[in-house]
Amino acid sequence: MLRGPGATDVALTVNGESVTVHGAPRRTLLDTLRETLALTGTKKVCDEGTCGACTVLVDGRPVYSCMTLAVACEGKSIETIEGIAKDGELHPVQRAFIDADAFQCGFCTPGQIMSIVALLRENAGPTEDDVRRAVAGNLCRCGAYPNIVKAGVSAGKRR
Amino acid sequence: MPRVVKSREEFEGEIFESLVLVEGKDLPLPAAGTEFSEIGRSRRRVDGVQRVTGRARYTQDVYLPGMLYVRVLRSPYPRARVRRIDTKKAEKLPGVRGVLHRFNAPKAAFRGEETIFREEVRFVGDEVAAVAADDEQTAVEALRLIEVDYELLPHVVDLEEAIGDMAPRLDTDGNVAEAATHKRGDAKRALKEADFVVDATYRTSTQVHNSLETHGAVAAWDGEQLTVYESTQHTFGVRQGLRTALKLPFSKIRVLCDYMGGGFGSKGGAGKYSIIASLFSMQLGRPVRCVLTREEENIAAGNRSATLQQFRIGGKAGRITAIEHTSWANVGQGRWVANPTGPTNTLYDIANLSSKSYKVVTNAGSLAAFRAPGYVEGTFALESAVDELAEKMGVDPLTLRRKHAGSPKDPMSGKKYSDKHLLECYRIGAAEIGWQRRRSGGIRGSAPHRRRGIGMATQIWGGGGGPPAYATVHVNPDGTVVLTAGTQDIGTGTRTVLAQICADELGVDLDAMQVRIGDTDHPYGPISAGSVTTASMGPAVRIAARDAKEQLLGAAAGVLETPKAELRLEGGAIVSKGARTPLGEILSKVENNTVIGRGARHPNDPDLSQRTFGAHFAEVEVDVHTGEITVEHIVAVHDIGRIVNPTTARSQVEGGVLQALGFALSEERFLDRATGRVMNANLENYKVPTVKDVPAKITVKFVDRPDRKANNLGIKGLGEPPIIPTAAAIANAVANATGARVRHAPLTRARVLEALAVAGARS
Amino acid sequence: MNAFSYARPRALAEALRMLRNGAVALAGGTDLVGLMKDGLARPQSLVDLTGIEGLRGWSHAKGRGLRIGALTPLVELETSDALAKTMPIVRESLRDAATVQLRTMGTVGGNLLQRNRCWYFRDEGTVCWLKGGSRCFAIDGENRYHAIIGANECVIVSPSDLVPALLAYDAEIALTSSRGTRRMKLADLFIAPHGKERREHSLRPGELITEVRVPEAALARRGTYLKAMDRKAWSFALVSVAAAARIERGVARDVRVIMGGLAPVPWRVIAAEKALEGTTLDDASCADAADRLLAGATPLRDNGYKVTLARELVRRALRSLVA
C-alpha cells in the first residue's frame, strides 16, 4: 500500500495503548511522540542520530526516534520514558537514577534510562562495562556518566 | 526596612562594585559544633522524580494552543552587506504567518545595537530574517523561498590570520584591542637574571558549549502581558533584555524557566531568538516558539574563544622569579574578552609579572561565557609553563608550586583572602594520586608501548557570591513550606541545596519543602553563573527561614501559651520541655494563615578577597605509537568552604572534570577559512566525551571547612572550579609519561604524535 | 525533509518493481534519513525493505560458506555467539561501530552502502565536487579526517567498520533487480570517485543488495580488526585495519590487509599481501608491508598523522595473528 506524501493514518501501540496517529510519511517517530501524542519526555537534542536523547524502545529494542519514521512503526510497540513506571511505582532504573544522582540537568536522562531498561531485559545483572556499552550512544553534557554507570549496575541488582 | 549598601563582588574573574538593597540584619555563622539536620548531608535531589519520569517541563516541551513556529534565516557568508530581501514567495506559502527582517522589523535594541537584523552580517549564522509559520516544516520551507541580495565583503575567521597585517580590518581600530594588563615588579629584568627560562607558545581551540537543550524561547503575548518561557541561567537577565528591546515595563514581562537542559555559561540573558519570538507574538497575537537547532546552537549560540598565549617564565634558586604572559583571544563578533591572564595574575605569589590580554575580532560566532571563561584557557597555558620550568630546573613541579601557593594575600590586589587552604589541597591530592610514584621520564605502562605518567595543576576562581539575592519562605497552616526565589536550577542541584538550607534553619523535614524558582514574579535572584548561586542564595534563604521560624515560634507561643524563649522548632514540630507538637497542629488552630519569612543576601567584607582554590592530579597512559591518551585516574581536591550536599557536590566535580576532558582531548570547532563555515556544527564531529571516555577512577575530595569570613553559612561556589585545572594536569601527565610536551589543547592524535616525534628526536 | 510517499511491501518482487520505478530503498534509515534531513537526498518515494521476508538472518552450511541476509540488523551479527565462533572478526568490527541504537536500526546492506562522512559533502550549503560542484573543498580546507591515498578529485574516506572485515574474508555480494540477480566481489562495489563517476558505489539503478557470502575457505583464516578513533566510542575510524591470514605452523598464508578511513575505498594493496605470504609476520615483514600499503601516500595539511597511525595499526593487527 502506497502512503503519502500527504498525511496518512498510522496505528501504533504506545506504552501499551493502541493509538492511531495522522501524519505525513516524512514525520519522525520523535516528532510524533512529542507533538502529536504530547509525550515530551523523549527529548530532541540533535535530530540527526548523534546524541541519543530521543532513545525509545521499538518492539523492545532501543532506537533513535529522530531517525525513525513513524510510518515505519506501523503495528509496532513503542515504549517511552512515560510508560515504564507501573502502578505508580517508579521503574527500578528510575529509582536507581535518583539514588545514584545519575543526572544533573536531566535532559539526556530519559534516553539514558531507556537504554538501560533495554539492556536489563537482555541482561538482568549487567557489569559496569555492560552498562557503558549500553549507554555509549547516549551523550551527557553535564558529565553524569560515573553515576549513570552506578545506577545501571544497581538497577540490575535490585530487580 | 530596606537600605542601600555598597557591595564588592568578584564575578568570573573580575571585580564588580555596586549599590545593592538589603534588609534586616545578617546572621552570624552557625556556632562551631552545631549539629545540622540537613546541611552537610547527602540528599537525593528534590526534583529527581520529575527528571526521571520525563515530567520535568523544559522550554523545549512548552507547546501552547495556537502556537507558531519560528525558523531563522542565517547568513551563509562570513561577511556581507544585506542589500535587498525579497520575501514575496515565502509569504505566499500556505501556513506562513509572518516574516521579519531588517527592512520591516521594529527597532529592538540588543547588546548595544539598534536592531537584531544587521545591515552588515558578520559571521556565517548571523540573523538575516525570521519566519513564523503554523508548523516547523513550513517555516523551514519558507526560508528556502526568501531571496537575499548580498554584497560580499572581505573576511577573516582565523585568530592568527586576524592578528596579521594582511587581514581585512573589521573594526576601525583594527582587529586587535588591548583588553587587560597587569604589571608588578620588573619581569624583564628578572627574566634576564633568571638561571632558567622557558619561552613557549600555547594554543587552545574553540570549545562549543553544546548544552543538550538548545537556546530557545516560547513567547506568549495576551494583549496585556508578555510571558516568555526560556531556557536560561538568568530569568531576570532575560527580562532586562526584553525590556530594553521591546520597551515594555517590567510589570508586563514575566520570564519562566522551570527546568533547563544545560547552559554552562551561554544562557546568560535574552537572545535574538527571545526577541524574535516576542516580536512575532506581539504582532500576531499568538504564542510563538523559537528554539534553535543543533546546527544553530553550534554556529550562533556562543563558544569558548580560541587563544594564542605566549609565556616567558623564569626560575632561580628553586623558585619562580618572573612571568611574562601575552594572550590573544578570538572573540568572533563578541564585545568582550574572557581574560586568560586571570590565573597568571592571581594564582601564585610571584614578584615580577607582566601580563597582557588582547581581544581579537573575527568573522566568526561570538564568544559566550563558558564555565570558567578565560581561566580554563589561561590555566592550561600557565600550569603547562610552570611544569616546563620545573622540568628545566630539575625540581619537582609540586614542590615548586608549594613555594608560591601558600600566601594568604591576593598578589594582585594585596587584599587578604577570606580563607585559603590550597596547600592542604596539594597534600590531599598528592596522597590520593600517589605522587611519590612519579618519576621524571614517566613509568612503565600496562604494555611495552604504553608509558604512564602523573601530572597536576592548580585552580583559583571566585565563587564567593554576594548580593543582591532574595528569598521568601511561606509556611502553610499544615506546616508545609514553600521557598520562593528568583534563581534557577541549571542542573547543579540548586533546588535541593536551597531546600536543605531552608529545612535545616527552619527545623522542618525536607519532605515538607517545596522550592519554587525560575520566575521573575519571584524575589530577585542572580544569574546562575560564576559559581555564585549557592553562595549568593544560600545565606538569603537562611535568613528568610530564620525570619519565618521566629514568627512561627511567636505564633506557637500564643497558641501554647508558653514563653517563646522556651520553644524550639525541630523536625517540623514545636518542642517545649520535651513535649512535641507538630507545626501543622499549632498553625491549624489559627485559621487560614500564611507565615512569611523574608531574607536578603548581605554584602561581603570589602577588605577581603573571597576565592576558591583547588588542585587536580592526573594519571595517564599514553600509547607512544598511536598517540592515544587514556586518562586512568583524576584526583580533584577543592577548597570551597562548607559543603552543603556532598552527593551533588561530588557530581558537580565529576561533571566539571569530564567537560574538561573534552576540552583537553577531543573538543574543537573547525572553521573553514575560505568560506567561514563551521564544518562540525553537530555532535558527530564536535566530539564531546562519551561514557567510555570517563577515566577509570575519579577521586573527589573537599577540604570542607567553612569559610568563616565569607558569609553566614561559610559556603562558596563549585560550578566552575572543577573544569579549570584538568586539561593542564593531563598535559603535564602526558609530558611526564613520554617527554612529549603538547602545547595545544585539545591533545589530539596529530598533536600528540607530532610531539612524540619531537621528543623522540630529542632523546 | 522533503515530502515523499512510502510503502512497505512484504514481497521482494514488489519492492524491486518499486525500485525500478525510481523509489529509494529504506532499511534502517540511519544514513538515508540523515541525508534526507540535510537535503542531500530528496526521494519522491521510499520503499521500506524491512517487511520483506527471507533477507534477514545468517546461516553457515559447512562447506558452503557463510551467508548473511542484507536486511540483518547489525546487532544480530554482533550478539550472535555462534557467529562469533564462525567468523569472530564480525563481532570485533561491530563492537566499536556507532552505538547500540544505530546497530539495532542499521542493516548489513545499509552499512555497505552508507555514504561518506566528509563534512563538506554533508554540509547542505557547500556544493562540493562530489555533489556536482567544481572542486573539492577539503583539499585546501579542513582535512584532518580525509584521504591520504588513492584519491582523485575527491578526498573522502571509506567509513564502514564492517566492510574491511568482510573484505579480509573475500566476501561476495548478490545484487538483485527486477531483471535478475548478479554476484560480484564485495570489493567491486566500491568506487573512488573520479571523472564522471561522482559516486561511491557501483550499484545500478533498481538494484538491491540481498546477501553477503563468505567462502568456506576464507573462514579458516584468523582475523582481527583494529580501529583508531579520536574518542573512545561513537566515532568513525581515523584509521582502521582488518587483517586476516591462515597460519600454518607459524607461517602466514592467504594474507589480507584492508584499511578503512584512509582512502575513498577500502584500501588494499595486493603486493603488500603477497610480500607477507609465507612469512612469520615478523616486525620486518610487517614494516615492509606497511611501506607497500602506504607507498604513494600524499597527506594533506592536517592528516599526515594517519600515515603513522596506519603503519602502527597494520603492524599490530598482523602481529596479533601470530600472537
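Residues numbered from 1 in each chain as written. Chains lettered and ligands numbered in written order. Predicted model: local features only at pLDDT ≥ 70, side-chain atom pairs only at ≥ 80, totals over all residues. Heavy atoms only, no water.

With that settled, consider the interface of chain A and chain B. Listed by partner, the interface residues are 42 residues for chain A and 54 residues for chain B. Carbon and sulfur atoms supply 57% of the area that chain A and chain B bury against each other, a total of about 3900 Å² over both sides. Broken down residue by residue, the surface that chain A buries against chain B is led by A:Gln104, A:Phe107 and A:Arg141, which jointly contribute 21%. At the boundary of chain A with chain B, the tally comes to 6 salt bridges. (Contact = heavy atoms within 4.5 Å. Buried area = accessible area lost by both parts, 1.4 Å probe. Salt bridge = Lys/Arg side-chain N within 4 Å of Asp/Glu carboxyl O.)

Before going further, it helps to spend a moment on helix α1 (residues 12–20) of chain C. Residue and element names in this part refer to chain C. Along α1, the positions that sit buried rather than exposed are Ala-15, Leu-16, Met-18 and Leu-19. In an axial view of α1, the angular spread of the buried residues amounts to 160°, which keeps them on one side of the axis. Seen from the open side of α1, the exposed residues pointing more than 90 degrees away from its buried face are Ala-13 and Arg-20. Looking one or two residues beyond α1, the residue adopting positive phi is Gly-22, at roughly 100°. (Buried < 20%, exposed > 50% of the residue type's maximum accessible area, 1.4 Å probe, protein only. Helix = DSSP H or I, 4+ residues; strand = E, 2+ residues; numbered from the N terminus. Arc of directions from axis to C-beta.)

It is worth spelling out the domain arrangement of chain A at this point. Residues and elements named next belong to chain A. You can read the domains of chain A as domain 1 (8–83) and domain 2 (92–158). Residue-level contacts link 16 residues of domain 1 with 13 residues of domain 2. Both sides together, the interface formed by domain 1 and domain 2 hides about 1200 Å², and carbon and sulfur atoms give 61% of it. Taken together, the links from domain 1 to domain 2 amount to 1 salt bridge. A salt bridge links Arg-121 to Glu-79, with the nearest nitrogen and oxygen atoms 2.6 Å apart. Those elements that provide at least two residues to the side of domain 1 that touches domain 2 are β3 (55–58) and β4 (61–64). For the side of domain 1 that touches domain 2, the class distribution of residues is 7 nonpolar, 6 polar and 3 charged. (Domains from an automatic or database assignment. Nonpolar A, V, L, I, M, F, W, Y, C, P; charged D, E, K, R; others polar.)

Moving on, we come to helix α1 (residues 29–36) of chain A. Residues lying three or four places apart along an α-helix face the same way, a consequence of the helix completing one turn every 3.6 residues. Across the 8 residues that make up α1(A), a large majority, 6, are buried. Among the residues of α1(A), those classed as buried are A:Leu29, A:Leu30, A:Asp31, A:Thr32, A:Leu33 and A:Arg34. On its buried face, α1(A) sits against β1 (8–14), β2 (17–23), β3 and β5 (77–79) of chain A together with β14 (288–291) of chain B. Looking at the residues trailing α1(A), positive phi occurs at A:Ala38, about 55°.

Glancing now at the sheet that holds strand β25 (residues 573–576) of chain B. All names here are of chain B. What the 3 strands build is an open sheet, ordered β24-β25-β26; its pairing is antiparallel. The sheet is open, and its two edges are formed by β24 (567–570) and β26 (579–582), each paired on a single side. For this sheet, the mean inter-axis angle between neighbouring strands, taken without regard to orientation, is 30°. Two elements, β25 and β26, share 4 bridges in a ladder whose sense is antiparallel. Bridge assignment links Val-575 to a residue of β26, and that residue is Arg-580. With respect to the sheet, helix α14 (residues 533–560) is in contact with β24, β25 and β26, its orientation differing from that of β24 by roughly 125°. (Pairing = 2+ DSSP bridges. Axes fitted to C-alpha atoms, helices over the stretch in contact; angles between N-to-C directions.)

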